[in-house]
Amino acid sequence: MIPSLLLVSEDPQDFLKKGLREIMEDTAQVITSGSGLEGLLKFQETSPMLVIVDSDLPDICGASITSIIKDTPEGRKTIVYLINVRSLLLNVKADRLISAPINYEVLFEQVHQDFERKLFYHTRSAEVEQAISNQQGMLPSKLKHDNFEVDFLYSPYNTLSGDGMFYWYPPPTDTKNVLYGFLFDCTGHDLSSYGQAGMVWVTLRHQLDFLQKDIYSNLAMVLDSVNKDTFRFYCNSDEPQLTSVIVFCVDFLKKELRFAPAGAPEILIKKENTLKRIQTSSHPIGFSEDTEYEEKSVPLENVKEIIFSTDGLSELFLCNQEGRFVLHEAKHDDVSAIFIKLKDKNPSTMDGI
Amino acid sequence: MKYVTVDGDTMILSVPGNYKFSITKAIDYEVQTAYQNGCTKAVIDFNDTTTMDSASLRQLTKIYRQVNKENFSAKNAKGLVLAVLKQNNLENWLR
């Protein structure tokens, strides 16, 4: 059965219908209905993946139509828009509310994205479910210790993330007391980037382990190995396989943060009353086999928190000179971050910060 | 073509607004057409580009490799686009 989108609107100039047919192209059939009651019957008959209901209908209030649809078993699996909203009513169950006057460019773009996402999930649901489960299983746990805590943020753009992260804290000894970790961002989202993300995760974990075991002497060697592995793994591909990465060690004995970036966004360091941004500049993994990576270090004196993030989060903070946010979409990428909070300890304690 | 113009042996790629994953396919098609029309050089004009993501960076890296670095350049990068280039140590693309 061809996937379908249902438009319930009088739409006297067929503007919406034409616009939707243009953006859907060969992806879906656009079915139309000029009244609420007819729309409900067509919904039952055609089981569309997405429904757009106009608030202004000749017979039944559009908001009620959306709630009737969403209360059905089929409707719970359908994305429902209510457009031309002028005031909010109670019990509106539409997934998306579009106020009047409609910005058609944004509406069509949003519909297209929602439909693609729905279609992707619908056609590969078993595969996607397994992949989601695998990705969730690779996430770290929150850590809580006497001298630090680690938490994370993980929000895939579209069900599956091209980002990944991990951190761990081996039992400290007299000579070593280090938190190890990494955060990365592969190109794209969905199943294709999920595969690359899985490969990168395993490679980074493996290589960073060599550092923990003192086989590598610094973080730059970790990135160098991951970079070479990427070129070996994808040697037959014409497409560059770029990944932005940051690997780090928080050394509690030496009281320093060591890190090595590969196309990673800035690192945020919070002290008592200040927020310092450490800019990084390096080629991402997979850009060139000859890239030379560098390990850098920052003392942890008076540091309260360290934040690593992928650009999905760091870009959301960017403002222009007037202090206004410059992005034109609420969120347009996977969002991932690691938050390391350092605790003040009794100065007499040896491993305090 | 919407994103690529051809000037002799040079293609000029200009992407208004958000240069992101969803339009890379259309751009790829136009880039291939430019190669078929004899283009061996590429100039990326970021004048109207407000943001870019990893997918666009991958696409530009592919073009960079295909035309070779001496035949590749970029210009007019600012704001978020310039920040992305700096972050990835690609300011040398700008000439």
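Residues numbered from 1 in each chain as written. Chains lettered and ligands numbered in written order. Predicted model: local features only at pLDDT ≥ 70, side-chain atom pairs only at ≥ 80, totals over all residues. Heavy atoms only, no water.

## Digging into the sheet that holds strand β2 (residues 29-33) of chain A
All names here are of chain A.
Reasoning step 1: One open sheet accounts for five strands, arranged β2-β1-β3-β4-β5; its pairing is parallel. Pairing within the sheet leaves two strands with one partner each, and these edge strands are β2 and β5 (96-99). Averaged over all adjacent pairs, the angle separating strand axes in this sheet is 20 degrees, with direction ignored.
Reasoning step 2: Where strand β3 (residues 50-54) and strand β4 (residues 79-85) come together, five bridges link them in parallel fashion. Paired with valine 51 across the strands is valine 80, a residue of β4.
Reasoning step 3: Across the sheet, helix α1 (residues 15-24) touches β1 (4-8), β2, β3 and β4, and the angle it forms with β1 is around 165 degrees.
Reasoning step 4: Helix α5 (residues 104-123) rests against β1, β3, β4 and β5 of the sheet, and its axis sits at about 170 degrees to β4. (Pairing = 2+ DSSP bridges. Helix = DSSP H or I, 4+ residues; strand = E, 2+ residues; numbered from the N terminus. Axes fitted to C-alpha atoms, helices over the stretch in contact; angles between N-to-C directions. Contact = heavy atoms within 4.5 Å.)

## Observations regarding the packing of aromatic side chains
All names here are of chain A.
Reasoning step 1: Applying the stated criterion across every chain, the model contains 19 aromatic pairs over all chains.
Reasoning step 2: Considering the side-chain rings of tyrosine 104 and phenylalanine 108, the 6.0 Å spacing of their centres and the 40 degrees angle between planes classify their relative orientation as tilted. Linking tyrosine 104 with phenylalanine 108, this pair stays in helix α5, spanning four residues, or about one helical turn.
Reasoning step 3: Between phenylalanine 182 and phenylalanine 184, the aromatic rings sit 6.3 Å apart at their centres with planes inclined by 25 degrees, giving stacked as the arrangement. Summarising the burial analysis for this pair, phenylalanine 182 and phenylalanine 184 share the class buried.
Reasoning step 4: Taken together, the ring pairs connect Phe166, Trp168, Tyr180, Phe182, Phe184 and Trp201 into an aromatic cluster.
Reasoning step 5: Just above the ring of tryptophan 168 sits the side chain of arginine 205; from NZ or CZ to the centre is 3.8 Å. (Phe/Tyr/Trp six-rings, centres within 6.5 Å; stacked < 30°, edge-to-face > 60°. Buried < 20%, exposed > 50% of the residue type's maximum accessible area, 1.4 Å probe, protein only. Lys NZ or Arg CZ within 6 Å of the ring centre and 35° of its normal.)

## What about the domain arrangement of chain A?
Residues and elements named next belong to chain A.
Reasoning step 1: Each assigned domain of chain A is listed with its residue range as follows: domain 1 (4-123) and domain 2 (128-342).
Reasoning step 2: The straight-line distance from the C-alpha centre of domain 1 to that of domain 2 is 40 Å.
Reasoning step 3: Each partner contributes residues to the interface: domain 1 has four residues there, and domain 2 has nine residues.
Reasoning step 4: In this assembly, domain 1 packs against domain 2 so that about 580 Å² is buried in total across both faces, 55% of it on carbon and sulfur atoms.
Reasoning step 5: For the domain 1 face of the interface with domain 2, the top three residues by lost area are Arg117, Phe120 and Tyr121, together amounting to 88%.
Reasoning step 6: Seen at the junction of domain 1 and domain 2, the total is zero salt bridges. (Domains from an automatic or database assignment. Buried area = accessible area lost by both parts, 1.4 Å probe. Salt bridge = Lys/Arg side-chain N within 4 Å of Asp/Glu carboxyl O.)

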